Amino acid sequence: MALTITDECINCDVCEPECPNSAISQGDEIYEIDPGKCTECVGHYDEPQCQQVCPVDCINVSETHVESKDQLMAKFIKLTSKA
Ligand code: SF4
Ligand code: SF4
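Residues numbered from 1 in each chain as written. Chains lettered and ligands numbered in written order. Predicted model: local features only at pLDDT ≥ 70, side-chain atom pairs only at ≥ 80, totals over all residues. Heavy atoms only, no water.

## Overview of the overall build of the chain
Per the secondary structure count, the chain includes two helices and four strands. When the helices and strands of the chain are read in sequence order from the N terminus, they spell out β-β-β-α-β-α. A compact globule built from 83 residues would reach a C-alpha radius of gyration of about 12 Å, and the chain, at 12 Å, matches this within 12%. Along the longest, intermediate and shortest principal axes, the C-alpha atoms of the chain span 30 × 25 × 25 Å. Counting the 83 residues in the chain, one finds 35% classified as buried. When contacts within the chain are restricted to residue pairs at least 6 apart in sequence, long-range pairs at least 24 apart make up 65% of them. Separation of charge centres in the chain, based on 5 positive and 16 negative side chains, amounts to 13 Å. (Helix = DSSP H or I, 4+ residues; strand = E, 2+ residues; numbered from the N terminus. Rg over C-alpha atoms; globule rule 2.2 N^0.38 Å. Buried < 20%, exposed > 50% of the residue type's maximum accessible area, 1.4 Å probe, protein only. Contact = heavy atoms within 4.5 Å. Lys, Arg positive; Asp, Glu negative; His and termini not counted. Charge placed at Lys NZ, Arg CZ, Asp CG, Glu CD.)

Structure below.
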């Protein structure tokens, strides 16, 4: 599953540099996660790094982007082979 940031985000910028896929960026109002790039950190780390560092716990699983671990790994391979 890709993760998503809720409107509780305080725009602290702590998560953005932690993302190994550069999936996080500052949006118009709050920070946003590109579901095409978020692998839930599969392939890089055991735990989603952005969730680990967010001080207000406003990063949740996106219900509109449900993916299996295999799909996330396939996304990781696609992303890294392009790099
Ligand atoms: S879960 Fe990992 S890949 Fe997804 S946005 Fe957070 S840090 Fe980036
Ligand atoms: S760490 Fe949390 S509060 Fe800070 S910018 Fe990221 S999502 Fe927003």
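Here the narrative resumes, following the displayed structure.
## Some points on the site of ligand 2
For ligand 2, the set of nearby residues contains 13 residues, the closest of which are Cys 9, Ile 10, Cys 12, Cys 15 and Cys 54. Among the residues forming the shell around ligand 2, the class breakdown is 11 nonpolar, one polar and one charged. (Near = heavy atom within 4 Å. Nonpolar A, V, L, I, M, F, W, Y, C, P; charged D, E, K, R; others polar.)

## Some points on the site of ligand 1
Residues in contact with ligand 1, as listed here, are Leu 3, Cys 19, Pro 20, Asn 21, Ile 24, Ile 33, Cys 38, Thr 39, Glu 40, Cys 41, Pro 48 and Cys 50. Across the shell around ligand 1, the residue classes break down as nine nonpolar, two polar and one charged.

These figures capture arrangement, not role.
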